[in-house]
Amino acid sequence: MNQAQSTPAPLLDVRGLRAGYGRAEVLDGLDFSAPAGGVITVIGPNGAGKSTTLNALVGAIPARGSIVFNGQDIGRATLEERVMLGIALVPERRELFGSMTVEDNLLLGGWRQMRRNFPRWRDRIDEVYTRFPRLKERRTQLAGTLSGGERQMLAVGRALMSAPRLLMLDEPSLGLAPLVTREIFTIVEGLRATGVTILLVEQNARAALAVADHGYVLETGQFALHGPAAELASDPRVIDTYLGTGHGSVAPPAATPAPPPPPLAGFATAPA
Ligand SMILES: Nc1ncnc2c1ncn2[C@@H]1O[C@H](COP(=O)(O)OP(=O)(O)O)[C@@H](O)[C@H]1O
Ligand SMILES: [Mg+2]
């Protein structure tokens with residue numbers, strides 16, 4: 001058996017990814033890939049460029065380098081085209097419409113399917129309700145009245161409405177209590193069983209490495225380390241910086257602290 005047979009072809013293959021905001025470059029040439037059906041995680045401190053990476057992949061901000069998805073170079077595709085090709089992002093701020101019902105928020109995620117292939121969207125929403133019975137119970141409730149965990153479920157459910165092949169989750173545990181965080185990671189594990197490829201971005205390194213196959217440690221726009229998730233979880237450098245009580249970084253520290261990012265254009269701007 002040769003190497004090509006034993007290694008599944010990557011669904012996503014990224015080389016030399018550079019992106020930033022205006023003249024400020026944030027990502028300094030990232031190389032990574034996600035095998036089809038696998039879970040990869042990007043961990044790293046606040047301001048390292050994790051969200052920027054996802055925003056560049058989905059096409060919300062301009063990027064340089066090569067992004068090959070399912071064998072196709074999508075570097076010049078628009079955000080909408082990338083969604084149509086099967087890339088979905090659950091953004092860090094969830095970006096739900098708080099004054100709309102749970103079901104309307106879901107339908108918004110599937111509107112392309114509704115237009116293209118009318119009967120299918122009903123199947124999709126039923127699948128989402130089967131996966132998240134709590135969303136079905138709350139289908140007529142306003143999204144703004146949901147708990148934090150339910151909002152995250154709704155944000156994931158909305159992303160699933162477009163039947164993605166690559167699901168990108170930006171800090172799904174952010175702001176959630178430990179028990180709810182555990183529930184969200186159980187959901188991620190359940191999604192993996194459906195065959196969808198997952199790119200998980202987290203500051204909660206312990207939980208992320210427990211669910212992922214492969215991990216990348218991002219520090220100020222560069223990968224300081226990467227490897228099988230289990231190896232990273234037992235790497236003293238990762239333990240000291242991300243899993244223990246230690247402070248510092250795997251790579252030399254950044255020169256300047258990062259200012260908080262303003263909202264991104266290109267996504268819905270009415271958070272629940
Ligand atoms: N919309 C934006 N405009 C300008 N700078 C931004 C914007 N979003 C993020 N940044 C900056 O880019 C860097 C990386 O941010 P980000 O990707 O959000 O980090 P992370 O998700 O790892 O916390 C930070 O210095 C941040 O201040
Ligand atoms: Mg972020």
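Residues numbered from 1 in each chain as written. Chains lettered and ligands numbered in written order. Predicted model: local features only at pLDDT ≥ 70, side-chain atom pairs only at ≥ 80, totals over all residues.

Focus on the overall build of the protein
When you go through the protein residue by residue, the secondary structure sums to 12 helices and 10 strands. Counting the 272 residues in the protein, one finds 40% classified as buried. Expressed as a percentage of contacts within the protein between residues at least 6 apart in sequence, the contacts between residues at least 24 apart total 67%. (Helix = DSSP H or I, 4+ residues; strand = E, 2+ residues; numbered from the N terminus. Buried ≥ 20, exposed ≤ 12 C-beta atoms within 10 Å, placed from the backbone. Contact = placed C-beta atoms within 7 Å.)

Remarks on the sheet that holds strand 2 (residues 24-35)
The four strands lie next to each other as 2-1-4-5, forming an open sheet whose pairing is antiparallel. Edge strands, defined here as strands with exactly one partner in the open sheet, are strand 2 and strand 5 (72-73). Sheet topology note: the strand 1 (residues 10-21)/strand 4 (residues 63-69) ladder contains six bridges and is antiparallel. Among the inter-strand pairings, Asp 13 is bridged to a residue of strand 4, identified as Val 68. (Pairing = 2+ DSSP bridges.)

Overview of the nonpolar core
Of all hydrophobic cores here, the largest spans 68 residues; its most connected members are Met 168 and Leu 200. Broken down by element, the residue count for this core peaks at six residues, all from helix 8 (residues 148-160). Leave out the neighbours within four places in its chain, and Leu 200 touches Val 39, Thr 41, Leu 169, Val 188, Ala 208 and Ala 212. (Core = buried A, V, L, I, M, F, W, Y, C linked by C-beta atoms within 7 Å.)

Some words on the sheet that holds strand 7 (residues 166-170)
With mixed pairing, the six strands of this open sheet are ordered in space as 6-7-8-3-9-10. What marks the edges here is a single partner per strand, and that holds for strand 6 (87-90) and strand 10 (222-228). Between one strand axis and the next, the sheet turns by 15 degrees as a mean value, whatever way the strands run. With four bridges connecting them, strand 3 (residues 39-43) and strand 9 (residues 214-219) associate as parallel partners. Pairing of Thr 41 across the sheet is with Gly 215, part of strand 9. Contacting strand 3, strand 6, strand 7, strand 8 (197-202) and strand 9, helix 2 (residues 50-58) runs over the sheet at an angle of about 150 degrees to strand 7. Lying over the sheet, helix 8 contacts strand 6 and strand 7, oriented at roughly 165 degrees with respect to strand 6. (Axes fitted to C-alpha atoms, helices over the stretch in contact; angles between N-to-C directions.)

Describing the environment of Phe 69
When you line up the elements, Phe 69 lands in strand 4. Along the chain, Phe 69 and Leu 85 lie 16 residues apart, while their C-alpha atoms are 8.6 Å from each other. Dropping the residues within four chain positions of it, Phe 69 is found in contact with Leu 11, Leu 12, Ile 74, Leu 85, Ile 87 and Leu 166.

Comments concerning helix 8
Here helix 8 contains 13 residues, and its C-alpha end-to-end distance of 19 Å stays within 8% of the 18 Å for a straight helix at 1.5 Å per residue. Counting buried positions over the 13 residues of helix 8 gives 12, a clear majority of the element. Buried within helix 8 we find Gly 149, Glu 150, Arg 151, Gln 152, Met 153, Leu 154, Ala 155, Val 156, Gly 157, Arg 158, Ala 159 and Leu 160. (Expected span 1.5 Å × (residues − 1).)

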